[in-house]
Amino acid sequence: MTMAMVATANPFAQQLRQWRAMRRISQLDLAIAAETSQRYLSFLEQGRSHPGRTMVVRLSESLGLSLRERNSLLLAAGYAPAFPESALDAPELGPVRHALDTILTGHLPYPAVVTRPYGVLVAANTAFEMLTEGSAPELLEAPVNVLRLALHPDGLARRVLNLPEWGRHITDSLRNRANRSPDPDLNELITEFESYLPQADPGPHHLGFAVPLRLSCPKGELRLITTLTSFATATDITLAELHLEAFLPADQVTADYLRERFTAG
């Protein structure tokens with residue numbers, strides 16, 4: 001009974017069990033990936049053994065945790081966080097901000113944005129205005145959430161010709177993220193965003209992973225595809241959580257329209 005109470009109260013053991021269950025990985029497979037024994041891993045999950053800092057780091061890497069989640073696991077084990085979280089306007093991130101500005105400008109005449117987790121806008125190039133025009137002013141007040149802007153009936157959604165499919169593509173991606181890294185705030189956003197969407201009825205040829213944005217404009221229909229870039233080797237939480245989303249024309253009509261509208265001179 002005493003041992004069970006100790007195990008239950010051990011925050012590291014609890015988090016380790018939860019992460020392994022969410023990743024759907026067996027004790028044996030995790031032990032092999034972390035270069036330890038299944039017996040030792042079992043003792044960690046029961047709270048019968050205490051891990052060294054290096055073991056916590058190896059387990060975090062093997063579980064594919066984010067930098068923020070790795071810090072949390074280290075804290076649960078009684079160790080100091082390993083990864084800093086700098087303010088975006090901190091001097092040490094100055095070169096990164098400059099690089100992002102250069103990328104955003106270089107992507108013109110196509111829209112591109114940089115966001116924090118869950119769609120909070122950090123920066124955008126001038127072509128992004130084609131996705132905001134006609135939106136309700138309250139959706140454009142800082143801090144702007146580009147996902148809310150995209151799916152809200154008073155935002156971009158009113159101009160999206162394939163909203164049921166394109167919108168579900170966004171919310172499905174968010175739900176997959178929530179399944180891997182549960183967060184009550186993210187769950188609230190998913191519920192909100194899904195409430196904006198009409199019922200989708202995908203046909204037999206629907207490809208959920210490849211849904212272009214079909215957008216109405218005065219000159220007809222525009223078709224855009226997106227790429228998503230993150231800083232995979234970042235060691236600062238703020239930097240690791242930034243995403244660059246770049247829009248590209250999916251046909252010549254869209255390419256010509258964007259070049260005509262946003263190319264200087």
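Residues numbered from 1 in each chain as written. Predicted model: local features only at pLDDT ≥ 70, side-chain atom pairs only at ≥ 80, totals over all residues. Heavy atoms only, no water.

Bringing the overall build of the protein into the picture now. If you tally the helices and strands in the protein, you get 13 helices and five strands. Projected onto its principal axes, the C-alpha positions of the protein cover 70 × 50 × 35 Å. The burial tally for the protein puts 42% of its 265 residues in the buried class. Pairs at least 24 residues apart make up 57% of the contacts formed inside the protein by residues separated by at least 6 positions. Carbon and sulfur atoms provide 55% of the accessible area of the protein, an area that totals close to 14,300 Å². Each charge class in the protein can be summarised by its mean position, and for the 24 positive and 29 negative side chains these summaries are 7 Å apart. (Helix = DSSP H or I, 4+ residues; strand = E, 2+ residues; numbered from the N terminus. Buried < 20%, exposed > 50% of the residue type's maximum accessible area, 1.4 Å probe, protein only. Contact = heavy atoms within 4.5 Å. Areas by Shrake-Rupley, 256 points an atom, 1.4 Å probe, with all protein chains shown as cover. Lys, Arg positive; Asp, Glu negative; His and termini not counted. Charge placed at Lys NZ, Arg CZ, Asp CG, Glu CD.)

Another aspect to go through is the sheet that holds strand β3 (residues 213-217). The antiparallel open sheet is built from five strands, whose spatial order is β2-β1-β5-β4-β3. Strands at the two margins of the open sheet, each flanked by one partner only, are β2 (121-124) and β3. The average angle at which neighbouring strand axes cross in this sheet is 30 degrees, direction not considered. Lying on the sheet, helix α7 (residues 94-106) is in contact with β1 (112-115), β2 and β5 (243-249); it crosses β1 at an angle near 155 degrees. Across the sheet, helix α13 (residues 252-262) lies against β3, β4 (220-230) and β5, angled at about 85 degrees from β4, the strand it touches most. (Pairing = 2+ DSSP bridges. Axes fitted to C-alpha atoms, helices over the stretch in contact; angles between N-to-C directions.)

Its location among the elements puts Ser 49 in the loop between α4 (38-46) and α5 (53-62). In this structure Ser 49 comes out as buried when scored by relative accessible area, which is 19%. Excluding residues within four positions of it along the chain, Ser 49 makes contact with Tyr 40, Phe 43 and Leu 44.

Side-chain alternation along β3 places Leu 213, Leu 215 and Cys 217 on a buried face and Arg 214 and Ser 216 on a face that remains uncovered. As paired strands, β3 and β4 are joined by five bridges and run antiparallel to one another. Its bridge partner lying in β4, Cys 217 is registered against Gly 220. Counting the residues between successive antiparallel strands, the hairpin from β3 to β4 contains two residues.

Here Leu 224 is to be found in strand β4. Judged by relative accessible area, Leu 224 falls into the buried class, the value being 1%. Once the C-alpha coordinates of Leu 224 and Val 114 are considered, the two residues, 110 residues apart in sequence, prove to be 17 Å apart. Beyond its immediate stretch of four places on either side in the chain, Leu 224 contacts Met 130, Leu 131, Pro 212, Leu 213, Phe 247, Leu 248, Pro 249, Ala 250, Thr 254 and Leu 258.

On to the packing of aromatic side chains. Inspection of every chain in the model, using the stated rule, returns zero aromatic pairs. The side chain of Arg 48 reaches across the aromatic face of Phe 43, ending 4.1 Å from its centre. (Phe/Tyr/Trp six-rings, centres within 6.5 Å; stacked < 30°, edge-to-face > 60°. Lys NZ or Arg CZ within 6 Å of the ring centre and 35° of its normal.)

Tallied over the full model, the rule gives 13 salt bridges. Here Glu 133 ties to Arg 159 by a salt bridge, and the two come within 3.6 Å at their closest N and O atoms. With Glu 133 in the loop between α8 (129-132) and α9 (146-151) and Arg 159 in the loop between α9 and α10 (163-180), this pair connects stretches of sequence that are 26 residues apart. A relative accessible area of 30% means that Glu 133 is categorised as partly exposed. A residue is classified by how much of its surface remains accessible, and Arg 159, at 12% relative accessible area, is buried. Each of the salt bridges in this network shares a partner with another, and the network as a whole consists of Glu 129, Glu 133, Arg 159 and Arg 261. (Salt bridge = Lys/Arg side-chain N within 4 Å of Asp/Glu carboxyl O.)

Another aspect to go through is the nonpolar core. Core analysis: the biggest nonpolar cluster contains 39 residues, and Met 130, Leu 131, Leu 151, Leu 156, Trp 166, Leu 213 and Leu 215 have the highest contact counts within it. Counting 17 residues, the second largest nonpolar core, distinct from the first, contains Val 56, Leu 59, Leu 65 and Ala 77. (Core = buried A, V, L, I, M, F, W, Y, C linked by side-chain atoms within 4.5 Å.)

Attention shifts here to the pairing of β4. As judged from the seven bridges shared by β4 and β5, these two strands associate in the antiparallel manner. By the bridge assignment for β5, Ser 230 is matched with His 243.

Per-residue confidence for the protein averages 91 on the pLDDT scale, and 92% of its residues sit at or above 70. Within the model, pLDDT remains below 50 along residues 1-7, and this stretch shows six contacts once partners closer than five positions in the same chain are excluded. (pLDDT = per-residue confidence, 0-100.)

Moving on to the packing of α10 against helix α11 (residues 184-195). In the contact formed by α10 and α11, the axes pass within 10 Å of each other and the chain directions differ by 160 degrees. The angle between α10 and α11 falls in the class roughly antiparallel. As α10 packs across α11, the resulting crossing turns out to be left-handed. Along its contact with α10, which presents Arg 168, Thr 171, Leu 174, Arg 175, Arg 177 and Ala 178, the element α11 presents Leu 186, Asn 187, Ile 190, Phe 193 and Glu 194. Of the residues in the contact of α10 with α11, the class split is five nonpolar, two polar and four charged. (Parallel < 35°, antiparallel > 145°, perpendicular 65-115°, else oblique. Left-handed = near helix turned anticlockwise from the far one by under 90°. Nonpolar A, V, L, I, M, F, W, Y, C, P; charged D, E, K, R; others polar.)

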